Amino acid sequence: MMNSRTTLVIALLATLPIPALASPRVRHTINEGWTYTDGTVEQRVNLPHTWNAGDAFGKTKPYRRGIGWYRRTLSLDPALKGKRLFLYFEGANQVADVYVNDRHAGQHIGGYTAFAFEITDLVTFERDAIAVRVDNSHDPDIPPLNADFTFFGGIYRDVWLMATDPIHIDVLDHASPGVFITKDRTRGTVVNRSGRSARVRVVHRIFDAAGREVASSSSALSIAAGASARFDGRTPAVPDPRLWSPDSPYLYRVRTEVHGGDRLLDAIDNPLGFRTFTADPNKGLTLNGRLLPLRGTNRHQDLPGVGTAASNEQHRRDVRLVKENGFNFLRLAHYPQDPVVLDEADRVGLVIWEEIPIVNLIGTSPAFAANSERMLVEMIRQHFNHPSVFFWGYMNEVLLSKPNPMPDRYYEIVPELVRRLEKVARAEDPTRLTVMALSYHEILDDHGIASVPHILGLNLYFGWYYDDFDAFGPFLDRIHAERPATPIIVSEYGADSDERVHSTEPKAFDYSSEHAQNYHVASFPQLESRPFILGTAVWNQFDFASAFRQNTKVALNQKGLYFHDRTPKDIAFYYRASLTGQPVLHIASEWSDRAGRTAEERVQPVWVYSNQPEVELFVNGRSAGVRQVANRTARWNVELASGANRLRARAGSIEDATTIRYHDRSDGRFVAVNAGGGYSYVDEARVVWDADHSFGGGKPRRVYRRIVSTGHDALFQAMREGMSHYQFDVPDGIYDVTLGFAEHDAKPGERVFSVRINGRLLVRDLDLAAELGPFTAATRSTTVEAANGSGIRIDFTASHGLPSIATIMIRP
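None of these values were measured; they are calculated from a predicted model.

Asks: So what exactly am I meant to see when it comes to helix H1 (residues 312–324) here?
Replies: In an α-helix, one full turn covers 3.6 residues, which means residues spaced three or four apart are oriented alike. Spanning 13 residues, H1 covers 18 Å between terminal C-alpha atoms, matching the ideal 18 Å at 1.5 Å per step. Buried residues of H1: His315, Asp318, Val319, Leu321 and Val322, and no others. Buried positions in H1, seen along its axis, are confined to an arc of 155 degrees and lie on one side of it. At its buried positions, H1 is contacted by strand S22 (294–299), strand S23 (329–332) and helix H2 (339–348).

Here's what the structure looks like:
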């Protein structure tokens, strides 16, 4: 039995687009020319496709989870007659039934692994009708049951038509490549559908990166008619092989051929990478004899506009962005991902943790356990041959949620499933390490499951969900002391941010860019200074869809180092400075619009991320001084002029520049107040909404709920209640005044109040709960004169409950 210190010597492979050389096997996508219907309207679509690309981000009703039908006509080339024909789906979420000419070809359960059905006996070679019924409804027998990501429905990955000789490498073994290769052995299955017994030769030829053949082997195989036969022999020995690593991801290529006499019957190509690694609970990961701290991130697969139906190039770009950011490790959260993700990770050099989608809680039925096991087998067999994959995961925070109602023996059934899946993973692939991830509270009461896999993953959010930044490292020391024989990966850590929200005094759950940056700058040094930590993975590389989330951006988890559209956040450059070998210099520029009324408020913080020893900052052409870089960060307080301020940073021969606009409000003629928030907010018109300074008493309140009728949730999620008035000392003149409101919790009749401006009634007996319902933005506007130096006074008088206000804008 392998333990965490076992040296793994592996030659691993991944299926590449076929053929790399001429092959009798035919394989091409059939993504175009489909129709889709949800039972009402039919539309023409190309695959990949999801029906939730739009409604997953809606505010007024849940995204659709249900049934969708896909149809197209297949016109087969007559030259394929006599071949065995297959439909191969890279992924459809989450139950797919495939029909050919109204006959059922098969059903697949699970939204994140591939599946294939043979259709040879179902086609006519005339106009063959393909129909696929996809259902992403909640099913208590199918993981995931509950998770912090959106369960997009549809055929959201490529679909392939495959044609093989009647004698061929197995296609239907869990939609795997059919060939499994390690350093020592090569195994697989050849299927004989020729109608007669056959004797074949199985040949493996290994090519280096330049295309030169460097090793080969051949073996004979006898196969009865209608049967299949396994081959299992030694892998051809490559003399003095070059090794695969993140710094040098050298790939060989293996071509596996099936010959019948002088005829080539089948051939597939796979990449090959050689590497050895050990996992030590004190020293961390050793790869090819050298210590390699894993520094990485997590990735979800959706993008704006397309949801999970991303193109292959979009997937490849994501992997490249991870690598370019300096990371050598990527956790594919929380499900197997598109095959090109694994291909690209092999190519660019990323160590991969891949897992099946058992998240938050489990089902207790035998069907749930069986589906979980099958998903694990499918993932391992389909991706067995990727040199980038080091870890197989099978659960994430599975004790985080409690079923309601609580089943009998639940905390016995969970460990039973853990042990079952662990046994399956080790049997399927004894060459890799198993892993699961638990959260802060789970690890303190894990019901015995944390000690089952080889590696323990910890999802920790000190300074976000609990405690403060400085508690992170000591907690890890405690867990290491309690579990000294267990290698640990910090599999998640991060904080949400919104580029529109800013604060000079940031705090958890204000969603400011500044708090997220403080979080990472404080957390990462605590991780890299502890060599017993095998690896670290930021949560998350990209903001991603999570339909239940009601933060400052609707239906998004905002913990990414990049925004959902793949634009980097400022904090991404902190990691670039920490991890890349290239010179990095970046002025934090998300806070590009600032405002103030006093001379003191003209002095604003500016910070730079760099891996250079010192940086000089220039503001509007004048030096603000040289700062030493500590923890990849240098900071200044600089005085800004009204309007555009040009900032330029210089470190040696490299420079970076940005512009900060300072909105000078010292004349008092313009007011924009985020009445309940302790943060400023910048809207799309570059209006800076100031944090409230409690001009009229009352108390601030904040909710985390999506707000209807506005795109500025962060403004209307915060309100001040119980104030008597606001006084603004604006110069004499005529002003437009707009007040913003949103009801958070009162029922009709519980919060009723009137508003007067300079004594004139603006609204009488405003009852937002009765008028609009909860969590709906509303505004009231008027024109008012400020005269005789009296400014503008806003009075609130309640007849029931406490008055409330979300925003105030006053402009000439």
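Asks: Honestly, the side chain of His386 in this entry has me stumped. Any pointers?
Replies: The topology assignment puts His386 in the loop between helix H3 (366–383) and strand S25 (389–396). Accessibility expressed as a relative area gives 2% for His386, which makes it buried. A distance of 2.7 Å separates a polar atom in the side chain of His386 from a polar atom in the side chain of Asp346.

Asks: In this structure, what is going on with H3? I would like to understand it.
Replies: Taking 1.5 Å as the rise per residue, H3 with 18 residues should run 26 Å; its terminal C-alpha atoms sit 26 Å apart, in good agreement. Those residues of H3 that sit buried are Phe368, Ala369, Asn371, Ser372, Met375, Leu376, Val377, Glu378, Met379, Ile380, Gln382 and His383. In the core, the buried residues of H3 are packed alongside strand S8 (103–109), H2, strand S24 (351–355), S25 and helix H4 (410–428).

Asks: Which parts of the structure should I look at to understand unusual backbone geometry?
Replies: A negative phi angle is the norm for most residues apart from glycine, just as the trans form is the norm for most peptide bonds. Omega for the peptide link from Asn93 to Gln94 comes to 0 degrees, which places this bond in the cis form. Omega for the bond connecting Pro143 with Pro144 falls within 30 degrees of zero, at 5 degrees, which places this linkage in the cis form. Mapped onto the secondary structure, Pro144 falls in the loop between strand S10 (128–135) and strand S11 (159–164). Phi is positive for Glu397, close to 50 degrees, though the residue is something other than glycine.

Asks: Where do I start with the packing of helix H7 (residues 513–528) against helix H8 (residues 570–579) in this structure?
Replies: The packing of two helices is summarised by the inter-axis angle and the distance between the axes. Interaxial distance between H7 and H8 falls to 9 Å at its minimum, and their mutual angle equals 20 degrees. What the angle tells us is that H7 and H8 run roughly parallel. Remark: the crossing between H7 and H8 carries right-handed chirality. For the pair formed by H7 and H8, the contact residues are Gln517, His520, Val521, Phe524 and Pro525 on the first element and Asp570, Ile571, Tyr574, Tyr575, Ser578 and Leu579 on the second. Considered class by class, the residues forming the contact of H7 with H8 number seven nonpolar, three polar and one charged.

Asks: When you look at the pattern of salt bridges in this model, what are you seeing that I'm missing?
Replies: Between side chains of opposite charge, a pair can form when the charged atoms approach closely. Under the counting rule described, the total for this entry stands at 51 salt bridges. Between Glu257 and Arg255 there is a salt bridge; the shortest N-O distance is 2.6 Å. What makes Glu257 buried here is its relative accessible area of 5%. Salt-bridge contacts for Arg650 lead to Glu616; the nearest nitrogen and oxygen are separated by 3.3 Å. Separated by 34 residues along the polypeptide, Arg650 in strand S39 (residues 643–651) and Glu616 in strand S36 (residues 614–619) bring together distant segments of the chain. Through salt bridges with shared partners, a single ionic network connects Arg205, Glu213, Arg253, Arg255, Glu257 and Asp269.

Asks: Explain the sheet that holds strand S38 (residues 633–639) here, please?
Replies: Within a sheet, adjacent strands bond to each other through the backbone by hydrogen bonds, running parallel or antiparallel. Read across the sheet, three strands follow the order S33-S35-S38 without closing on themselves; strand pairing throughout is antiparallel. Across the chains shown, the open sheet's two edge strands, defined by having one partner strand only, are strand S33 (585–587) and S38. Between one strand and the next, the sheet's axes are offset by a mean angle of 25 degrees, whatever the strand orientation. In the sheet, strand S35 (residues 603–610) pairs with S38 via seven bridges, with the strands oriented antiparallel. Bridge assignment links Tyr609 to a residue of S38, and that residue is Thr633. Along the sheet, H7 contacts S35 and S38; its crossing angle with S35, the most-contacted strand, is approximately 45 degrees.

Asks: Please explain the packing of aromatic side chains as it appears in this structure.
Replies: When we look at a pair of aromatic rings, we describe it by the centre distance and by the angle of the planes. Tallied over the entire structure, the rule returns 43 aromatic pairs. Consider the rings of Tyr440 and Tyr466, whose centres lie 4.3 Å apart with planes at 20 degrees: the pair is stacked. Here the residue Tyr440 occupies a position in helix H5 (residues 440–443), and Tyr466 occupies one in the loop between strand S27 (455–459) and helix H6 (472–482), the gap between them amounting to 26 residues. The exposure class assigned to Tyr440 is buried, which follows from its relative accessible area of 15%. Between Trp539 and Phe544, the ring centres sit 5.5 Å apart and the planes meet at 90 degrees, which makes this aromatic pair edge-to-face.

Asks: Honestly, the nonpolar core in this entry has me stumped. Any pointers?
Replies: Note that soluble globular proteins tend to have their nonpolar side chains buried in a common cluster. One finds Ile362 and Met395 to be the most contacted residues of the largest nonpolar core, which totals 101 residues. In terms of residue count, H4 provides more of this core than any other element does, eight residues in total. Beyond its immediate sequence surroundings of up to four residues, Met395 is in contact with Ile358, Ile362, Leu417, Val418, Leu421, Met436 and Ala437. Core analysis: the second largest hydrophobic core is formed by 31 residues, Tyr36, Leu47, Trp51 and Leu87 among them.

Asks: I keep staring at the packing of H1 against H2 and nothing clicks. Help me out?
Replies: Where H1 contacts H2, the axes come no closer than 9 Å and their chain directions differ by 35 degrees. The chirality of how H1 crosses H2 is right-handed. Two secondary-structure elements touch here, H1 through Asn312, His315, Arg316, Val319, Arg320 and Lys323 and H2 through Val340, Val341, Glu344, Ala345, Arg347 and Val348. Its residues assigned to classes, the contact of H1 with H2 comprises five nonpolar, two polar and five charged.

Asks: Explain the pairing of strand S15 (residues 198–207) here, please?
Replies: Consecutive side chains along a regular strand alternate between the two faces of the sheet. Counting buried positions over the 10 residues of S15 gives seven, a clear majority of the element. Where S15 meets strand S16 (residues 213–223), 10 bridges bridge the pair, whose relative direction is antiparallel. Directly across from Phe207, in S16, lies its bridge partner Glu213. Connecting S15 to the antiparallel partner S16 that follows it, the hairpin turn spans five residues, and Gly211 within it adopts a positive phi of roughly 90 degrees. Pairing geometry for S15 and strand S18 (residues 252–260), over seven bridges, is antiparallel. Pairing of Val202 across the sheet is with Val258, part of S18.

Reading the values: rules and limits
- Along each chain, residue indices are assigned from 1 in the same order as the chain's sequence is written.
- Thresholds applied to this predicted model are a pLDDT of at least 70 for local features of residues and 80 or more for the giving and counting of side-chain atom pairs; totals over whole chains, interfaces and linings are not thresholded and use all residues.
- Each side-chain value is worked out from all heavy atoms of the structure, with water and hydrogens disregarded.
- Only DSSP runs of H or I with at least four residues qualify as helices, and only runs of E with at least two residues qualify as strands; both kinds are numbered from the N terminus onward.
- The span you would expect from a helix comes to 1.5 Å times its residue count less one.
- Think of it in three bands: residues with accessible area under 20% of the maximum for their type are buried, residues over 50% are exposed, and the middle band is partly exposed, with areas taken using a 1.4 Å probe on protein chains only.
- Here the arc refers to the set of directions running from the helix axis out to each C-beta atom.
- Any two residues having at least one pair of non-hydrogen atoms within 4.5 Å are treated as being in contact.
- The definition of a polar contact used here is a pair of N or O atoms within 3.5 Å, where within protein one atom must be able to donate a hydrogen and the other to accept one, and adjacent residues in sequence count solely through side-chain atom pairs.
- Axis definition: a line fit to C-alpha positions, over the contact stretch in the case of helices; interaxial angles, taken between N-to-C directions, run 0 to 180 degrees.
- Should an angle fall under 35 degrees it is taken as roughly parallel, and over 145 as roughly antiparallel, whereas 65 to 115 is taken as roughly perpendicular and any remaining angle as oblique.
- Here is the rule for handedness: rotate from the far helix to the near one, and if that takes an anticlockwise turn smaller than a right angle the crossing is left-handed, while a clockwise turn gives right-handed.
- Only Asp, Glu, Lys and Arg are considered charged in this grouping, and only Ala, Val, Leu, Ile, Met, Phe, Trp, Tyr, Cys and Pro are considered nonpolar; every other residue, Gly among them, is considered polar.
- One speaks of a salt bridge when a side-chain nitrogen belonging to Lys or Arg is within 4 Å of a carboxyl oxygen belonging to Asp or Glu.
- Two strands are counted as paired when DSSP detects at least two bridges linking them.
- Within 6.5 Å between ring centres, the rings of Phe, Tyr and Trp (the latter by its six-membered ring) count as paired, and their orientation is classed by plane angle as stacked under 30 degrees, edge-to-face over 60, tilted in between.
- In this description, a nonpolar core means a group of buried Ala, Val, Leu, Ile, Met, Phe, Trp, Tyr and Cys residues linked to one another through side-chain atoms lying within 4.5 Å.

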